[in-house]
Amino acid sequence: MTMAIYFPGRRTLREESYLEGKAEGVTEGKAEGVVAGRAEGVAVAVLRVLERRGVSVSEGVRSRVTGCADPELLDLWLDRAFVVAAGEEIFLDEE
């Protein structure tokens, strides 16, 4: 019976493949986190602008905004939040 001894850092093909996969996973996770974090930040900004302007924000509007993960759509809603008279108006032309 042959016994294989594994020494970390020997740069075997198996170890290199593992480390490359791990690095790719970390990179993808960070990228997804940045996108998710940005979307979350913009969603908070949309609600804050509406509330600071004195525009009433229903629970439906709040949940729709916080549940959105599309950065482009959130940017559009943020732009609209500065001018609408009612919270539901940020969703115009989408229904």
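Values in this document were obtained by computation on a predicted structure and should not be read as measured data.

Here's the deal with the overall build of the chain
Right, so step 1: Each helix and strand counted, the chain has three helices and zero strands in total.
Right, so step 2: Order of helices (α) and strands (β) in the chain, N terminus to C terminus: α-α-α.
Right, so step 3: Split into buried and exposed, the 95 residues of the chain put 23% on the buried side.
Right, so step 4: Counting contacts in the chain only where the partners sit at least 6 residues apart, residues at least 24 apart contribute 57% of the total.
Right, so step 5: Entry remark: accessible area of the chain is about 7100 Å², with carbon and sulfur atoms responsible for 57%.

A closer look at the confidence of the model for the chain
Right, so step 1: The predicted model of the chain has a mean per-residue pLDDT of 78, with 62% of residues at 70 or higher.
Right, so step 2: In the model of the chain, helix H1 (residues 13-52) stands out as the element of lowest mean pLDDT, 70, in contrast to helix H2 (residues 59-66), which has the highest, 94.
Right, so step 3: Here residues 30-35 scores under 50 on pLDDT; set against residues more than four positions off or in separate chains, the count is one contact.

Some words on the packing of aromatic side chains
Right, so step 1: Evaluation of the coordinates by the stated rule reveals one aromatic pair.
Right, so step 2: Sitting over the ring of Phe91, Arg64 keeps its end group 4.0 Å from the ring centre.

Quick look at helix H3 (residues 71-81)
Right, so step 1: Among the residues making up H3, those that are buried are Leu74, Trp77, Leu78, Arg80 and Ala81. For H3, the buried positions fall inside an angular range of 165 degrees around the axis, keeping them on one side. Those residues of H3 that are exposed and angled more than 90 degrees off the buried face are Glu72 and Asp79.

Structural notes on the environment of Ser63
Right, so step 1: Position of Ser63 relative to the elements: it lies in helix H2.
Right, so step 2: For the pair Ser63 and Ala43, spaced 20 residues apart in the sequence, the C-alpha separation amounts to 9.9 Å.

Section: the pattern of salt bridges
If the charged atoms of two oppositely charged side chains come close together, the side chains can form a pair.
Right, so step 1: Here the structure, examined in full by the defined rule, presents one salt bridge.
Right, so step 2: Among the salt bridges present, the one from Glu51 reaches Arg62, with a minimum N-O distance of 2.6 Å. Placement of the pair is Glu51 in helix H1 and Arg62 in helix H2, with a sequence separation of 11 residues.
Right, so step 3: For Arg62, a relative accessible area of 28% puts it in the partly exposed group.

Criteria and thresholds
- Residues numbered from 1 in each chain as written.
- Predicted model: local features only at pLDDT ≥ 70, side-chain atom pairs only at ≥ 80, totals over all residues.
- Heavy atoms only, no water.
- Helix = DSSP H or I, 4+ residues; strand = E, 2+ residues; numbered from the N terminus.
- Buried < 20%, exposed > 50% of the residue type's maximum accessible area, 1.4 Å probe, protein only.
- Contact = heavy atoms within 4.5 Å.
- Areas by Shrake-Rupley, 256 points an atom, 1.4 Å probe, with all protein chains shown as cover.
- pLDDT = per-residue confidence, 0-100.
- Phe/Tyr/Trp six-rings, centres within 6.5 Å; stacked < 30°, edge-to-face > 60°.
- Lys NZ or Arg CZ within 6 Å of the ring centre and 35° of its normal.
- Arc of directions from axis to C-beta.
- Salt bridge = Lys/Arg side-chain N within 4 Å of Asp/Glu carboxyl O.

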